[in-house]
Amino acid sequence: YDAGRDGFIDLMELKLMMEKLGAPQTHLGLKNMIKEVDEDFDSKLSFREFLLIFRKAAAGELQEDSGLCVLARLSEIDVSSEGVKGAKSFFEAKVQAINVSSRFEEEIKAEQEERKKQAEEMKQRKAAFKELQSTFK
């Protein structure tokens, strides 16, 4: 559903996805769906935030009337109607997504450490600049 191929699902892409899944949402409903799991406040869903929908659903942390709850229910499988092979494919895809999520979490932690390091270097450069600046006053 990432039509822009930028690694994120934005408001319009989420709208199209929900329509294709047969659960259209209002504009405000879509904004609330994103807001509920948007950890970095960029108004888009990253893969990690998308997976967070299903974690919250499993933990019972989603409101019953929210679009995210509808989305989570749409991803469940009924073995009696899908059969064992269909369920097997479904769960294999879920396991693969979880493995990708673990790698993604490691990447996020590495990025956060890099940002902290850059922020510290910036502080040191500013302090050094102010020190040099004070010698010219």
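Residues numbered from 1 in each chain as written. Predicted model: local features only at pLDDT ≥ 70, side-chain atom pairs only at ≥ 80, totals over all residues. Heavy atoms only, no water.

**Regarding the overall build of the protein**
At step 1: The number of helices and strands found in the protein is 5 helices and 0 strands.
At step 2: Taken from N to C terminus, the helices and strands of the protein fall in the order α-α-α-α-α.
At step 3: Taken over 137 residues, the protein has a buried fraction of 24%.
At step 4: In the protein, of all internal contacts separated by at least 6 residues, the share reaching a separation of at least 24 is 42%.
At step 5: Of the roughly 10,100 Å² of accessible surface on the protein, a fraction of 56% belongs to carbon and sulfur atoms. (Helix = DSSP H or I, 4+ residues; strand = E, 2+ residues; numbered from the N terminus. Buried < 20%, exposed > 50% of the residue type's maximum accessible area, 1.4 Å probe, protein only. Contact = heavy atoms within 4.5 Å. Areas by Shrake-Rupley, 256 points an atom, 1.4 Å probe, with all protein chains shown as cover.)

**Looking at the confidence of the model for the protein**
At step 1: Here the protein shows a mean pLDDT of 77. Residues at 70 or above account for 72%.
At step 2: Taking the mean pLDDT of every element in the protein, the minimum, 68, falls on helix α4 (residues 67-74) and the maximum, 85, on helix α1 (residues 11-20). (pLDDT = per-residue confidence, 0-100.)

**What about α1?**
At step 1: Looking only at α1, the buried set comprises L11, E13, L14, M17 and M18. An end-on view of α1 places all buried positions within 160° of arc, on one side of the element.
At step 2: At the N-terminal end of α1, a side-chain oxygen is found 3.2 Å from the backbone nitrogen of M12, two or three residues along, and the residue is D10.
At step 3: Positive phi appears at G22, one or two residues downstream of α1, with a value of about 80°. (Arc of directions from axis to C-beta. Polar contact = N/O pair within 3.5 Å; in protein donor to acceptor, adjacent residues only side chain to side chain.)

**Topic: unusual backbone geometry**
At step 1: Phi is positive for F41, close to 55°, though the residue is something other than glycine.
At step 2: A positive phi angle, close to 60°, is found at S43, a residue other than glycine.
At step 3: Relative to the assigned elements, S43 resides in the loop between α2 (27-37) and α3 (47-58).

**So, the nonpolar core**
At step 1: Core analysis: the biggest nonpolar cluster contains 18 residues, and L14, M18, L45, F50 and I53 have the highest contact counts within it.
At step 2: Among the secondary structure elements, those contributing two or more residues to this core are α1, α2, α3 and α4.
At step 3: Sequence-distant contacts of L45, defined by excluding residues within four places in its chain, comprise G7, F8, I9, L14, I34, V37 and I53. (Core = buried A, V, L, I, M, F, W, Y, C linked by side-chain atoms within 4.5 Å.)

**A few points about the UniProt feature "domain: EF-hand" (unreviewed entry) in the protein**
At step 1: Within this numbering scheme, the UniProt entry marks residues 1-24 and 25-60 as carrying the feature "domain: EF-hand" (unreviewed entry).
At step 2: Taken end to end, residues 1-24 has its terminal C-alpha atoms 15 Å apart, with 42% of it in helix and 0% in strand.
At step 3: The span residues 25-60 carries 64% helix and 0% strand; its end-to-end C-alpha distance comes to 21 Å. (UniProt positions renumbered as here; feature names shortened; annotations may be inferred.)

**Let's talk about the layout of surface pockets**
At step 1: Looking at the second largest pocket, its volume works out to about 350 Å³.
At step 2: Every residue lining the second largest pocket is counted, 14 residues in all, and those nearest its centre are D40, S46, I108, E111 and R115.
At step 3: Contributing elements (two or more residues each) for the lining of the second largest pocket: α3 and α5 (79-135).
At step 4: At 6 residues, the largest contribution of residues to the lining of the second largest pocket is made by α5. (1 Å grid on protein atoms, 1.4 Å probe; cavity = no way out; pocket = protein on both sides within 12 Å on 5 of 7 lines; lining within 4 Å. Points joined across faces, edges and corners; volume = space filled by probe spheres on them.)

**Focus on the environment of E105**
At step 1: For E105, the position within the fold is in helix α5.
At step 2: A residue is classified by how much of its surface remains accessible, and E105, at 25% relative accessible area, is partly exposed.
At step 3: Remark: the alpha-carbon pair of E105 and R48, spanning 57 residues in sequence, is separated by 7.6 Å.
At step 4: With residues up to four places along the chain from it excluded, the contact list for E105 reads R48 and R55.

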